[in-house]
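Topology and contacts: notes
The chain contents come next:
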Amino acid sequence: MSNKEKLKKMLVEELNIEDLDPNSIVDDAPLFGDGLGLDSLDAVELVVLIQKNFGIEIKDIEEARAAFESVNSLVAFIEKRLQG
Amino acid sequence: MTSSNNENADHRGSQWSSRSVGMLWQHRFFYLLIRLGGRRAAYFALYFVALYYMLLRPDQRKKSEYYLRRRFSGSSRLSLWTKSYLMSLELGKVLVDRAAVGILGADAVTIDVQGKDRLHELVREGKGLILITAHVGCWQVAMTTLKFLNLPAHLLMQREEGDVDRHFFEHAGENSSFRIIDPRGYLGGSLEMMAVLKKGEILSVMGDRMLGSEKSSVTVQFLGGKIRVPYSAYMIASATKAPIAVLLSRRTGLSGYQLELAGVIRVPGDLGRKNSAYLPYAQEFIKILEEYTERSPFQFFNFYDMWNSGSND
């Protein structure tokens, strides 16, 4: 499973986005507000999930802001950190 | 994710609003009294101002009765009227004290902090510290005493248009000793709050009042009925493993306040996204708050129908 697929599955299952097929998540749609419709508490959980599932700690808000724009930006952030 | 820190709010109808009670000139009148005659002069005027509201503003009086009827069930109309007056007086004195600290300096009131050693222990855990409080006493002034922890403190606070009463740090024209996190900021300030705790610093939030979406709330039992309260603090505690210190302030007399460490709430990690996971911890806080209303019934400043705010299921 690619990191993108793993991430989408995680978003749907762990953030309780009911009745959504992970494959239907648009890669460049906003995660928060319009788009996937996540909220501020989902952001809290997302930080935890990224640490738990990918072993990556988000260090500061600016880093999170850039990463949390969309699935694409989050995957790019994760893969960059995994490469060290 | 939002909660407001304005105890001097105008509660239109039975719903809460953070808009201040009273006109700007009325607030300035009291600020002038404090400057010229100290707190005693302002207190003296309060008795008449509170009486005005009791006699000529039944809409304002009604707003305290939502809580008073539950706290003092079975009270006669006269008894409720008296209790409403006492509650208005207490609120007025708290606002005077808050302004006095800003105008006259921190020595204007004395604050007895109970639980200092325990607070130090919690900070030494190195996970940051969440201080959860409520609209009771004068939390803002009491928070000034937390300097003994030698850590930056951050308050989740929303200021609304129409707020004419000043916070104590605005009177002296100085920058706040606290850093304010605006819940209208990026992602409701949630990531900012986590970053604060990650640095081992202090985060202060209100646990008794909702703003924003009901999605961010849980339903708990309070004074014989159900209310909705935010659960974000408990979720952030679970995510960061930061301990939660319940700090409640009460006015103990003419010059004094007590800031009490009324409890420590530990939220296990990995509780996930479902709000039901955080219900026990929200209930633990509200139980402590209910015990507070037993001891200091007239210093609980939620002037709206908490039991009829949105859907309490």
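Residues numbered from 1 in each chain as written. Chains lettered and ligands numbered in written order. Predicted model: local features only at pLDDT ≥ 70, side-chain atom pairs only at ≥ 80, totals over all residues.

1. Re the overall build of chain A
This is how it is decided: We count a stretch as a helix when DSSP gives it H or I for four or more residues in a row; a strand needs E for two or more, and each element gets its number in order from the N terminus. Note that the radius of gyration is over C-alpha atoms, with the globule rule given as 2.2 Å times the number of residues to the power 0.38. Counting other C-beta atoms within 10 Å of each residue's C-beta, where C-beta atoms are placed from the backbone, gives the exposure class: buried for 20 or more, exposed for 12 or fewer, partly exposed between. Here the contact rule is simple: place C-beta atoms from the backbone, and any two residues whose C-beta atoms are within 7 Å are in contact.
Looking only at helices and strands, one finds 4 helices and 0 strands in chain A. Starting at the N terminus and ending at the C terminus, chain A contains elements arranged as α-α-α-α. Whereas a compact globule of 84 residues would reach a radius of gyration of roughly 12 Å, chain A reaches 12 Å, a difference of no more than 12%. Viewed in the frame of its principal axes, chain A has a C-alpha envelope of about 35 × 30 × 20 Å. Counting across all 84 residues of chain A, residues that qualify as buried make up 31%. By sequence separation, contacts in chain A at least 24 residues apart represent 54% of the contacts at least 6 residues apart.

2. Describing the overall build of chain B
Broken down by element type, chain B carries 9 helices and 9 strands. Across chain B, the fraction of contacts at a sequence separation of at least 24, relative to all contacts at a separation of at least 6, is 76%.

3. Regarding the pairing of strand E5 (residues 202-206) of chain B
Residues and elements named next belong to chain B. The following threshold applies: Whether two strands pair comes down to DSSP finding at least two bridges between them.
Here E5 lies mainly inside the structure; 5 of its 5 residues are buried. Side chains Ile202, Ser204 and Met206 project from E5 onto one buried face, and the interleaved Leu203 and Val205 project onto a second face that is buried too. Bridge analysis of strand E2 (residues 129-133) against E5 gives 5 bridges, and the strand direction is parallel. Paired with Ile130 across the strands is Leu203, a residue of E5.

4. Focus: the packing of helix H1 (residues 24-56) of chain B against helix H3 (residues 77-104) of chain B
All names here are of chain B. The criterion, for reference: Here, axes are lines fitted to C-alpha atoms. For helices the fit covers the stretch in contact, and angles between N-to-C directions go from 0 to 180 degrees. Roughly parallel means an angle under 35 degrees; roughly antiparallel means over 145; roughly perpendicular covers 65 to 115; every other angle is labelled oblique. In this scheme the handedness of a crossing depends on how the near helix is turned from the far one: anticlockwise by less than a right angle means left-handed, clockwise means right-handed. Residue polarity is assigned by list, with Asp, Glu, Lys and Arg as charged and Ala, Val, Leu, Ile, Met, Phe, Trp, Tyr, Cys and Pro as nonpolar; anything else, Gly included, falls into the polar class.
Between H1 and H3, the shortest axis-to-axis distance is 9 Å and the interhelical angle comes to 165°. The angle between H1 and H3 places the two elements in the roughly antiparallel class. By crossing handedness, the relation of H1 to H3 is classed as right-handed. For the contact of H1 with H3, a count of residues per class yields 19 nonpolar, 3 polar and 4 charged.

5. What to know about unusual backbone geometry
Residue and element names in this part refer to chain B. Residues other than glycine seldom take positive phi values, yet Leu187 does so here, at roughly 50°. Look at Leu187 and you get buried, because 24 C-beta atoms sit within 10 Å. The phi angle at Asp270 is positive, at roughly 65°, despite the residue not being glycine. Position of Asp270 among the secondary structure elements: in the loop between strand E9 (256-265) and helix H9 (279-295).

6. Topic: the environment of A:Val75
All names here are of chain A. Considering the arrangement of structural elements, one finds Val75 in helix H4 (residues 71-82). Along the backbone, Val75 and Ser2 are 73 residues apart, and their C-alpha atoms lie at a distance of 9.8 Å. Those residues in contact with Val75, other than ones at most four positions away along the chain, are Asn3, Lys4 and Leu7.

7. Brief notes about the sheet that holds strand E4 (residues 179-181) of chain B
Residue and element names in this part refer to chain B. The strand order E1-E9-E8-E2-E5-E3-E4 describes an open sheet built from 7 strands, whose pairing is mixed. The two strands at the open ends of the sheet, each matched to only one other strand, are strand E1 (110-114) and E4. Neighbour-to-neighbour, the strand axes of this sheet turn through a mean angle of 25°, independent of strand direction. Sheet topology note: the strand E3 (residues 153-156)/E5 ladder contains 3 bridges and is parallel. Across the sheet, Leu155 pairs through a bridge with Ser204, a residue of E5. Together, E2, E5 and strand E8 (244-251) form the strand contacts of helix H8 (residues 232-240), whose direction differs from that of E2 by roughly 165°. The strands that H9 touches are E2, E8 and E9; relative to E9, the one it contacts most, it runs at about 150°.

8. A few points about the packing of helix H2 (residues 58-71) of chain B against H3(B)
All names here are of chain B. Remark: H2 packs on H3, axes separated minimally by 9 Å, with the N-to-C direction vectors making an angle of 105°. The orientation of H2 relative to H3 falls into the category roughly perpendicular. Residues Arg61, Ser64, Glu65, Leu68 and Arg69 of H2 touch H3, and the partners they reach there are Leu80, Lys83, Ser84, Met87 and Ser88. Residue composition of the contact of H2 with H3, by class: 3 nonpolar, 3 polar and 4 charged.

9. Comments concerning the confidence of the model for chain B
All names here are of chain B. We count it as follows: Summary of the metric used: pLDDT quantifies the predictor's per-residue confidence within the range 0 to 100.
For chain B, the mean per-residue pLDDT works out to 86, and 85% of the residues sit at or above 70. Averaged over each element, pLDDT in chain B is lowest for helix H6 (residues 168-171) (50) and highest for H9 (98). Taken together, the chains of this predicted complex give a pTM of 0.89 and an interface ipTM of 0.92.

10. What about the confidence of the model for chain A?
Overall, the prediction assigns chain A a mean pLDDT of 91, with 100% of residues at 70 or greater. For chain A, per-element mean pLDDT is lowest for helix H3 (residues 61-67) of chain A, which scores 90, and highest for H4(A), which scores 95.

11. Observations concerning H2(B)
All names here are of chain B. For the record, the criterion: How far a helix is expected to stretch is found by multiplying one less than its residue total by 1.5 Å. Throughout, the bend at a residue refers to the angle made by two axes, fitted to the seven residues ending there and to the seven starting there.
Between its terminal C-alpha atoms H2 stretches 20 Å, which fits the 20 Å expected from 14 residues at 1.5 Å a residue. If you look at H2, its biggest bend is around 40°, right at Glu65. Residues Arg61, Lys63, Ser64, Glu65, Tyr67 and Leu68 constitute the buried set of H2. Against H1 and H3 lie the buried residues of H2.

12. Quick notes on the interface of chain A and chain B
With 17 residues of chain A in contact, the opposing surface of chain B contributes 18 residues. Elements supplying a minimum of two residues to the side of chain A that touches chain B: helix H2 (40-54) and H3 of chain A. Counted by class, the side of chain A that touches chain B contains 9 nonpolar, 2 polar and 6 charged residues.

13. As for the nonpolar core
Here is the rule we go by: Only buried Ala, Val, Leu, Ile, Met, Phe, Trp, Tyr and Cys residues enter a nonpolar core, and they are joined through C-beta atoms within 7 Å.
Ranked by internal contacts, the top residues of the largest apolar core, which has 108 residues, are B:Ile130 and B:Ala282. Excluding anything up to four places from it in sequence, B:Ala282 contacts B:Val218, B:Val220, B:Val229, B:Tyr231 and B:Tyr234.

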